[in-house]
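Residue-level structure breakdown
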Amino acid sequence: MDELGNILIAGTGPVAVQSAVLLGRLPGALGIAGRASERSAAFFAALEANGGTVRAEVQNATHAALAGECRIEQRFRGYGSVAGTWNTLVLAVTADAYLPVLRQLASEVLAGFERIVLLSPTLGSGALVREYARAQGADPEVISFSSYLGDTRWPEGAPGASVLTAGAKARIYAGSSRGASPAVRRLRAVHEAAGTDMTVLGLPAEAEARNISLYVHPALFMNEVTLRAVFAATRPTQYVYKLYPEGPVTPSMIRTMVQQWRELSAIVAALGGAGVNLLSFMLHDGYPVHPQSIDPADVAAFEQLPAIHQEYLIYVRYASLLVDPFSEPDAHGRYFDFSAIPIRPIFRNDSGHWDVPRMPKEDYYRTKIIQGVARHLAVPCPTIDDLLAAYENALTQAAQGLGGQPRSAAFAVQDFAEDLGMIRAGIGSAA
């Protein structure tokens, strides 16, 4: 029962708290570390006021297994202050923060980790972490998840000692540099006890490639409609998943999405992994629709269908989810407005600087890394190139429009060369 030993969670957001509640049920010590920031300071203050105890609540009774509380024995304000013996590091931060977090850990702390778990990686994150650890003389098992298991948030909108998990995935994927190791089996048992099936794949990269965001977010966020809504703050509000003109979904955008899926599938194949049936992935690992909307036979045959038929089916999928097809209609026959997710515009962060919302900022990093991996593997990716060019053009124009106003580094065109250099080296050493 002690396959994970002493567990240190890196991160102080809602994902870290929910993960602590789940992992706190295992034997061994539990610790948490965070960066020095205003939001992190607010979390640690709330944690101290609550005697070190965190709690997770759920919105839906069917996810009751995720609820609970635990006491976090050791708390570290600043990654450089981490001390002690820790067997497992859980990175509950965004993929672009992996390297900054690892760099701040003392060498003796990093050397003590037997395994590092990546909750929300992007394609290549496992290779990045593995290569950095090797460069420091460490050789931990690296376990990549396809994504975090659910939708967790601060119930009051600000950091605290309690979180609310509003939804949970039926299935996620995991891949380890050591195969189906005892640690992977324990993590699968923890997730299955919480109601989420974990499918174990042969490679970390295969799990990393099974994050639906990688396939849909670039097309949804790096198009003229969404970029204008993000950077020009157009009114009225527009919505990520709605059809044009309420949102960006058009036949042309769907064509881009399908083309990007083909390119990403080719990249995964070049890494030695298996791709996904995009439509099946959307419906079976995402949200389903009624068979009256999409015939299950078409789902099964999706990869063999002509391109125009594939594009039609993906468009129908988005049209079918304008409302929640499984919600109960109200007295007027109206179903829940499932697609009304607003496109967030640029905003002023806690430091008073203009900043880019997590979507598309996080998607920029992910897609840029995918482009770099494709270049390394000599896999053509013209659609991904066009998407990134559109985003970087909008980013540059927005930065110029802000003039001398303070803004975050998210407004700079980046190449993420350091991360990509390590990922390329990691891919080469794994081959």
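Structure: see above.
Our subject in this report is the structure included herewith. Keep in mind it's a predicted model, so treat the numbers as computed, not measured.

**Focus: the environment of S280**
- By the secondary structure assignment, S280 is in helix α11 (residues 278-284).
- It is 9.4 Å that separates the C-alpha atoms of S280 and D298, two residues lying 18 residues apart in sequence.
- Excluding its chain neighbours within four sequence positions, the residues that come into contact with S280 are D285 and V299.

**Topic: the nonpolar core**
- Of all hydrophobic cores here, the largest spans 99 residues; its most connected members are L91, Y215, F231, I314 and F411.
- Residues contacting I314, with those up to four places away along its chain left out, are I254, M257, V258, L278, L279, M282 and F302.
- Core analysis: the next-biggest nonpolar cluster, separate from the first, contains 38 residues, L4, A16, L66 and A183 among them.

**Topic: the sheet that holds strand β3 (residues 53-58)**
- One open sheet accounts for four strands, arranged β4-β3-β10-β9; its pairing is mixed. Two strands lie at the open edges of the sheet, namely β4 (68-71) and β9 (150-153), each paired on one side alone. If you compare each strand with its neighbour and ignore which way they point, the axes differ by 25° on average.
- Examined bridge by bridge, β9 and strand β10 (residues 162-168) share four bridges and lie antiparallel to one another. Bridged to G150 within β10 is A168.
- Across the sheet, helix α1 (residues 14-23) is in contact with β3, β4, β9 and β10; its angle to β3 comes to roughly 95°.

**Focus: helix α5 (residues 125-135)**
- Burial analysis of α5 places nine of its eleven residues in the buried class, which makes it a mostly covered element.
- Taken together, the buried positions of α5 are occupied by S125, G126, A127, L128, V129, R130, E131, Y132 and A133.
- Just beyond α5, the residue with positive phi is G137, at close to 85°.

**Some points on the pattern of salt bridges**
- Enumeration over the complete set of coordinates arrives at 20 salt bridges.
- Among the salt bridges present, the one from D139 reaches R178, with a minimum N-O distance of 3.6 Å. Of this pair, D139 sits in the loop between α5 and β8 (141-145) while R178 sits in the loop between β11 (171-176) and α6 (182-193), and the two are 39 residues apart along the sequence.
- Among the residues examined, D139 registers a relative accessible area of 53% and is labelled exposed.
- Connected via shared salt-bridge partners are R358, E362, D363 and R366.

**Structural notes on the packing of helix α8 (residues 212-221) against helix α10 (residues 251-270)**
- α10 packs onto α8 with a crossing angle of 145° between their chain directions and a minimal axis gap of 9 Å. As for how α8 packs across α10, the hand of that crossing is right-handed. Counting all contacts with α8, which are made through L214, Y215, V216, P218, A219 and L220, the residues of α10 involved are M253, T256, M257, Q260, W261 and L264.
- For the contact of α8 with α10, the class distribution of residues is ten nonpolar, two polar and no charged.

**Let's talk about the side chain of D419**
- Turning to its location among the elements, D419 is positioned in helix α16 (residues 417-430).
- Although buried, D419 forms no salt bridge, and the nearest oppositely charged side chain, R103, lies 7.1 Å from it.
- Leaving out residues up to four positions away in the same chain, D419 has contacts with L99, L128, Y365 and I369.

**A look at the environment of G80**
- Structurally, the position occupied by G80 is in the loop between β5 (74-77) and β6 (88-91).
- Note on G80: relative accessible area 54%, which makes it exposed.

**A word on the packing of α8 against helix α14 (residues 358-377)**
- It is at 10 Å that the axes of α8 and α14 come closest, and there the two elements cross at 115°. Remark: the crossing between α8 and α14 carries left-handed chirality. On α14, the residues touching S213, L214, H217, P218 and F221 of α8 are M359, P360, D363, R366, T367 and I370.
- For the contact of α8 with α14, the class distribution of residues is six nonpolar, three polar and two charged.

Reading the values: rules and limits
Residues numbered from 1 in each chain as written. Predicted model: local features only at pLDDT ≥ 70, side-chain atom pairs only at ≥ 80, totals over all residues. Heavy atoms only, no water. Helix = DSSP H or I, 4+ residues; strand = E, 2+ residues; numbered from the N terminus. Contact = heavy atoms within 4.5 Å. Core = buried A, V, L, I, M, F, W, Y, C linked by side-chain atoms within 4.5 Å. Buried < 20%, exposed > 50% of the residue type's maximum accessible area, 1.4 Å probe, protein only. Pairing = 2+ DSSP bridges. Axes fitted to C-alpha atoms, helices over the stretch in contact; angles between N-to-C directions. Salt bridge = Lys/Arg side-chain N within 4 Å of Asp/Glu carboxyl O. Left-handed = near helix turned anticlockwise from the far one by under 90°. Nonpolar A, V, L, I, M, F, W, Y, C, P; charged D, E, K, R; others polar. Lys, Arg positive; Asp, Glu negative; His and termini not counted.

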